[in-house]
Amino acid sequence: QVQLVESGGGLVQPGGSLRLSCAASGSIFSIYAMGWYRQAPGKQRELVAAITSGGSTNYADSVKGRFTISRDNAKNTVYLQMNSLKPEDTAVYYCNADALPGTTGWGPRGDYWGQGTQVTVSS
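Cut-offs and rules
Residues numbered from 1 in each chain as written. Predicted model: local features only at pLDDT ≥ 70, side-chain atom pairs only at ≥ 80, totals over all residues. Heavy atoms only, no water. Pairing = 2+ DSSP bridges. Helix = DSSP H or I, 4+ residues; strand = E, 2+ residues; numbered from the N terminus. Contact = heavy atoms within 4.5 Å. Buried < 20%, exposed > 50% of the residue type's maximum accessible area, 1.4 Å probe, protein only. Lys, Arg positive; Asp, Glu negative; His and termini not counted. Salt bridge = Lys/Arg side-chain N within 4 Å of Asp/Glu carboxyl O. Polar contact = N/O pair within 3.5 Å; in protein donor to acceptor, adjacent residues only side chain to side chain.

Chemist: Pulling in residues and values, what's your account of the pairing of strand 5 (residues 46-51)?
Modeler: The sheet contact formed by strand 4 (residues 28-39) and strand 5 spans 5 bridges and is antiparallel. Across the sheet, the residue bridging to Met34 is Ile51, located in strand 5. Linking strand 4 to strand 5, which pair antiparallel, is a turn of 6 residues; within it Gly42 sits at a positive phi near 80°. The sheet contact formed by strand 5 and strand 6 (residues 57-59) spans 3 bridges and is antiparallel. Note on strand 6: the bridge partner recorded for Ile51 is Thr57. What sits between the antiparallel neighbours strand 5 and strand 6 is a turn of 5 residues, in which Gly55 has the positive phi angle 100°.

Chemist: Can you explain the environment of Ala60? Please cite residues and give values.
Modeler: Turning to its location among the elements, Ala60 is positioned in the loop between strand 6 and strand 7 (67-72). Sequence separation between Ala60 and Gly105 is 45 residues, and the spatial gap between their C-alpha atoms is 32 Å. Sequence-distant contacts of Ala60, defined by excluding residues within four places in its chain, comprise Leu47 and Val48.

Chemist: Go over the side chain of Arg71 with me, naming the residues and quoting the values.
Modeler: Examined against the element boundaries, Arg71 turns out to sit in strand 7. Lacking a salt bridge, the buried Arg71 has Asp72 as its closest oppositely charged neighbour, with an N-O distance of 8.2 Å. A polar side-chain atom of Arg71 sits 2.6 Å from a polar atom in the side chain of Asn73. Each residue touching Arg71, except ones within four places of it in the same chain, is listed here: Ile31, Tyr32, Ala33, Met34, Ile51, Thr52, Ser53, Thr77, Val78 and Tyr79.

In C-alpha cells, the structure reads:
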C-alpha cells in the first residue's frame, strides 16, 4: 500500500510563508497526480492545488499567485509553497495521491490521503 506523510504546518502571521511537504512511501509502482486539499472548520474539503506526473498544475482561484505546488518524482514527494498567507487560509491541509501500488503494475489504482497538517494564520 501507499502511505503519505505531511509535514511543515504550523502557526504563521498574516503575510507570512510556509512550505508543506508530503512524502509517499510503501510499495509504489507509479504515482500519477498529486495534490493538496484543505478543510476549514465547518466547511467541506476543497482542492488547493494539484500537479500531474508531467508537471502540469492546477490551482484554486483563491490561492493563485500566492501558492506554488511542485514535486520531486524521484523522491515521490510533493510540496506546497504558501506565500502571502491570509487568515482564511487557516485549515487542515491534506496531501492526496493517485497511485498504483505494488510491483507488477496490475493495480488496483487508488486514491490515497495523508493524515493532515494544521496551518493556522493569525496575528
